[in-house]
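Understanding the architecture of this molecule
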Amino acid sequence: MLYALSLTSTAFAMMNFSPVSKTIAEIYMVDDILVNACVLIFLISFIVMNFVTVQALEYSVAKTFKLCAFMIILGAWVRYAAIMMTGNFYLLMIGQGLIAIFQPFLGNAASKVATSWFADDERAIATTIGSLSIPLGCIMGMVTGPFFISDRDKVHHAEGKEHVNSYMMISAIIITIMNVGVLLFFEERPKIYPSKAA
């Protein structure tokens, strides 16, 4: 469950701006492509980091996940601080990039977590839950944006920036809550092995 929450949080961060990308672009007077790059950076990162993640997971799942959780939380708060303090959307991409770099470490681990933590007859459902974390996070990201940012913000930029600041703060809080369990409690393996494969 801790793993699934952490992975869900990365997809949530990935999709934060997608449903309101045109409005965000107008508020910060940037091209739509920059706002849409908030998703693209995750896709590129997955390709680039894919093989590195395998080595890290072979070394230690717990240490890798704890580092990921810390960096994902840091990235969420960097996004908030960058947009709140400077109002510069380009700087927000630093935090977005941090989250994107560490998503593949979690995304590639569903079967490894299932093998280590679940019995043979539970493994398929555990892998399924882990795999569904990304679509669930994407749905969360798509649904939450319009609650904070509306078409009205295209006209009232100052008010729109306040709404984006609030959205980034709430997103950072949600992402922190979703990752703190991994950071504090995730262990390499259960005390009692659930199967011979574990």
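Before any of the text, the structure's been laid out above.
For clarity, every value in this text was computed on a predicted model and none was experimentally measured. (Residues numbered from 1 in each chain as written. Predicted model: local features only at pLDDT ≥ 70, side-chain atom pairs only at ≥ 80, totals over all residues. Heavy atoms only, no water.)

**Brief notes about the pattern of salt bridges**
In plain terms, the rule: Criterion for a salt bridge: a side-chain nitrogen of Lys or Arg within 4 Å of a carboxyl oxygen of Asp or Glu. What counts as a helix is a DSSP run of H or I of at least four residues, what counts as a strand is a run of E of at least two, and both are numbered from the N terminus. Classification of residues uses two cut-offs on accessible area relative to the type maximum, computed with a 1.4 Å probe and protein chains only: under 20% is buried, over 50% is exposed, and between them is partly exposed.
Taken as a whole, this structure holds 3 salt bridges when the rule is applied. The residue D32 makes a salt bridge to K22 at a minimum N-O spacing of 3.3 Å. Of this pair, D32 sits in helix α3 (residues 32-59) while K22 sits in helix α2 (residues 21-28), and the two are 10 residues apart along the sequence. For the salt bridge of D151 with K154, the shortest nitrogen-to-oxygen distance reads 3.7 Å. Note on D151: relative accessible area 54%, which makes it exposed. Take K154: its relative accessible area is 26%, and that puts it in the partly exposed class.

**A word on the nonpolar core**
Worth spelling out the cut-off: Side-chain atoms within 4.5 Å link the members of a nonpolar core, which is a set of buried Ala, Val, Leu, Ile, Met, Phe, Trp, Tyr and Cys residues.
Residues F65, I72, L106 and F186 are the most contacted members of the largest nonpolar core, which totals 31 residues. Elements with a minimum of two residues in this core: α1 (2-15), α3, α4 (61-86), α5 (89-107) and α8 (157-185). With 8 residues, the single largest contributor to this core is α4.

**Concerning a nonpolar patch on the surface**
Counted only if it meets this: Like-charged residues within 9 Å of one another, or nonpolar side chains (Val, Leu, Ile, Met, Phe, Trp, Tyr) within 5 Å, are grouped into patches, provided each residue has over 30% relative accessible area and no salt bridge. Every accessible area reported is derived by Shrake-Rupley at a probe size of 1.4 Å, with residue values counting cover from the shown protein chains alone.
Taken together, the side chains of L40, L43, I44, I47 and V48 present a nonpolar region at the surface, about 500 Å² in accessible area. By the element assignment, V48 lies in helix α3.

**What about the side chain of S45?**
Heads up, the rule is: The contact rule is simple, with two residues in contact once any of their heavy atoms fall within 4.5 Å.
Structurally, S45 can be placed in helix α3. Residue S45 is classed as buried on the basis of its relative accessible area, which comes to 7%. Apart from the residues lying within four places of it in its own chain, the contact partners of S45 are N50, A100, I101 and P104.

**Examining α8**
Basically, it comes down to this: To estimate how far a helix should extend, the number of its residues minus one is multiplied by 1.5 Å. Bend at a residue means the angle formed by two fitted axes: the first through the 7 residues ending at that position, the second through the 7 residues beginning there.
Its 29 residues place the ends of α8 42 Å apart at the C-alpha level, agreeing with the 42 Å of an ideal helix rising 1.5 Å per residue. Of all the bends in α8, the greatest measures close to 35° and is centred on N179. Regarding α8, the residues found buried are G160, V164, N165, Y167, M168, S171, A172, I175, M178, N179, G181 and V182.

**Digging into the packing of α1 against α3**
Our working rule: To obtain each axis, a line is fitted to C-alpha atoms, and for helices this fit is confined to the stretch in contact; angles are then taken between N-to-C directions over 0 to 180 degrees. For this classification, under 35 degrees means roughly parallel, over 145 means roughly antiparallel, 65 to 115 means roughly perpendicular, and everything else is oblique. For this classification, Asp, Glu, Lys and Arg are treated as charged, while Ala, Val, Leu, Ile, Met, Phe, Trp, Tyr, Cys and Pro are nonpolar and the rest, including Gly, are polar.
Where α1 contacts α3, the two axes come as close as 7 Å, and the packing angle between them is 140°. Judged by the angle between their axes, α1 and α3 are oblique. Together, T10, A13, M14 and M15 of α1 and C38, V39 and F42 of α3 make up the contact between the two elements. When grouped by side-chain class, the residues that make up the contact of α1 with α3 number 6 nonpolar, 1 polar and no charged.

**What to know about the packing of α3 against α5**
Here is the rule: Should the near helix be turned counterclockwise from the far one by less than a right angle, the crossing is left-handed, whereas a clockwise turn marks it as right-handed.
The geometry of α3 relative to α5 is characterised by a closest axis approach of 6 Å and an angle of 35° between their N-to-C directions. Crossing geometry of α3 relative to α5 is assigned as right-handed. Partitioned by chemical class, the residues of the contact of α3 with α5 number 20 nonpolar, 6 polar and no charged.

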